[in-house]
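In case you want the letters, here they are:
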Amino acid sequence: MRSHPFVKRTLPCLAVVLAVTVHSMPAHAGFFDKMVAAAAQILNSSKSQTMKTATYDGGPQVATQTQGTPKVEFSVETDFINNIVKSTQSTNAYVSNALRKTSRAVAEKVDFVNTETHTEIIPEYTEKGLTFRLRYDETAVKSPALLVKDLALITMLTSTSSFGSHSPAFSGSLDNKIHAEVESPHAVAELLTNVREGSPTAKARWNALQIDLLQNVELKPLFVQEMKLNSNIIEEIRTELKDHSEKLDAEAAQFARKQQKALDKWKSETGSLDKLEAMQEKLDDLILKNDRKGVRQLLEAYLPWAVMEPVEANTWKIWLEAIENPNHEKSTVAFRGLKYDTDKIQRRQTSQGEIFGFMSTVLTKNQGSYTRRLRSLSTNREKNGDIGFANHGSQVRSIKITDQMTAHAKDPKASSFISFTYDPAIAFRFMGQNVTKEVKGEKVSVPYGGILVVKMDSRRMIPNIPSMYSTEIELLAPLIVFPDEVVTYKEGSFNKDYTYEMFVKDVSDKTKINFSSWAAAKDTNDEGLKERYNREGHEFFKQMTEVNLKAMSCSKVF
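Residues numbered from 1 in each chain as written. Predicted model: local features only at pLDDT ≥ 70, side-chain atom pairs only at ≥ 80, totals over all residues. Heavy atoms only, no water.

### Some points on the overall build of the protein
The condition that has to hold: Only DSSP runs of H or I reaching four residues or more are called helices, and only runs of E reaching two or more are called strands; each is numbered from the N terminus. Whether two residues touch is decided by their heavy atoms; if any such pair falls within 4.5 Å, the residues are in contact. Working definition of accessibility: Shrake-Rupley area with a 1.4 Å probe, residue cover restricted to the visible protein chains.
Each helix and strand in the protein was counted, giving 21 helices and 19 strands. For the protein, the proportion of contacts with a sequence separation of at least 24, taken over those separated by at least 6, is 71%. Just so you have it, the protein exposes about 26300 Å², and 50% of that area is on carbon and sulfur atoms.

### Focus: the nonpolar core
Selection rule: Here the nonpolar core consists of buried residues drawn from Ala, Val, Leu, Ile, Met, Phe, Trp, Tyr and Cys, with membership extended through side-chain atoms lying within 4.5 Å. Partly exposed describes any residue whose relative accessible area lies between the buried limit of under 20% and the exposed limit of over 50%, with all areas from a 1.4 Å probe on protein chains only and scaled to the type maximum.
Ranked by internal contacts, the top residues of the largest apolar core, which has 123 residues, are F80, F170, L219 and F420. In terms of residue count, helix α6 (residues 145–157) provides more of this core than any other element does, eight residues in total. Once residues lying within four places of it in the same chain are set aside, the contact partners of L219 are F80, V148, A169, F170, V224, M227, L229, I233 and I234. L248, A252, A253 and V396 belong to the second largest nonpolar core, which has five residues in total.

### Regarding unusual backbone geometry
A positive phi angle, near 55°, is found at K228, a position not held by glycine. Along the chain, K228 turns up in the loop between α10 (221–226) and α11 (233–270). One non-glycine residue, A414, lies in positive phi territory at about 55°. As for its placement among the helices and strands, A414 is situated in the loop between α18 (401–410) and β11 (417–420). On the basis of relative accessible area, A414 is assigned to the partly exposed category, the value being 25%.

### A short note on the sheet that holds strand β15 (residues 462–463)
The condition that has to hold: The pairing criterion for strands is at least two bridges between them, as found by DSSP. Throughout, an axis means a line fitted to C-alpha atoms (over the contacting stretch in the case of helices), and angles, computed between N-to-C directions, take values from 0 to 180 degrees.
If you walk across this open sheet you meet the three strands as β11-β16-β15, and the pairing is antiparallel. Pairing within the sheet leaves two strands with one partner each, and these edge strands are β11 and β15. Alignment of β15 against strand β16 (residues 475–478), held across two bridges, turns out to be antiparallel. Counterpart to I462 in the pairing with β16 is L476. Lying on the sheet, α18 is in contact with β11, β15 and β16; it crosses β11 at an angle near 60°.

### Quick notes on the packing of helix α15 (residues 310–324) against helix α21 (residues 529–544)
Put simply, the rule is: Residue classes follow a fixed rule: Ala, Val, Leu, Ile, Met, Phe, Trp, Tyr, Cys and Pro count as nonpolar, while Asp, Glu, Lys and Arg count as charged, and any other residue, Gly among them, counts as polar.
Contact geometry of α15 with α21 gives a least axis separation of 9 Å together with a crossing angle of 115°. Residues V311, N314, T315, I318 and W319 of α15 pack against F540, Q543 and M544 of α21. Taken together, the residues that form the contact of α15 with α21 break down as five nonpolar, three polar and no charged.

### So, the pairing of β11
Neither face of β11 is open: one carries F417 and S419, the other I418 and F420, and all of them are buried. Here β11 runs beside β16; their pairing, made up of four bridges, is antiparallel. Among the inter-strand pairings, F417 is bridged to a residue of β16, identified as P478.

Now the structure itself:
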């Protein structure tokens, strides 16, 4: 140890260095704020003191006082829970761009959480985005090992593929195949909602997903030491989750078989689908008649309610209600470029002129009458509704609407959705141009596409915020478009007599929205379309996940 005069001269310098070092880490508030206060006290102290610093791999510097300075106590709530939560709320972590916001976390202390870990993660939607709320009770605070799993999970669910750089407590990265499964935090929000609603298939999938999520994660040594935990605590948690796998998988498989058996029995005993398919008026006839009640009854009959997950069933109830009873006060205007090798139009001449109806490719690409093609709804949801199915070796699918939306973004073939956009220029880019054909020995130009403009109940025109294409303006309409939702359909290529610019001006005049500069355009409520896209996307997901949620905790906000 150096002599007393040397210590007196060097202590202030060390204290200043410590204070500057700590202030350079805004995410590490709490414990390290106390260190700044300790450093300030050193500067003002006339007593001789000694101090040494200890550096932990992957963590910040901390100070150990040996004489005279106040002891700095580590707080589980302030330094572990709140530090992690704050790190998810930084500007860079929360906002990705004007169209989509990534998720963040908040913490809430409650009287009691009825889970093994005395913690739970609850997804919540606001117009600002998706929040994962961590609820915990005093038992978890006193036994911080109980907190590790869920705090690690919300770190990953609010991150990109790696999270060591911004997380104060955890380091690691996501395996590529698992990253694809949780590419959208909305899929996890839907899965967790299904878990809370008691779905055995969702419970089994969430258990399997947690095992995979935690495989490349470490709790930083500083926190292991301060909370007196085992250095291999993450692996211990994974082992415990694995111990539950066999039982949860068996329960999920048994439940799925039971539900499918009930559905098959209902179909065979009632013969209801055969009767509907024998009716003279088919689905396409009802659409062109704007028979909304008839279309709803058909869809209700063909949707596999018995095997649906809670959020999936709730979403279809919202869509069916919007089909029969559209809200004209809250509607969305959008464009679609049609090309006839992928889009098939339903059309009919009436005394008021030609009318048009449209269906998604899951209906137009199949065989049989359009009513019979509704049988594809059951198989299509299994094909597109579980991105992570191949990852877990499970025999049971965990179907999610969000997975169907991201599957559509990647490949819209055989999708239940029809894509639209606010931007007429994008629709123009996708429309099929006229082709030359020979008719009776003469070459003629015939339309091979067009631009469709619709005005629909906003509950059936959903911003695809789960999409991995973060700058894309994609709106999804489930299954069908009725003739009374068509603002206009411009068939065929534009020419000097009727230009694209003339078309956009006509649509703008009809809808009272200036689409000539759509990025700066505002709707009839004076809201920018980009802002509306983000807000309405999260508002709809809020409706989707409000499935008679059961209160699992007695709340006392921390």
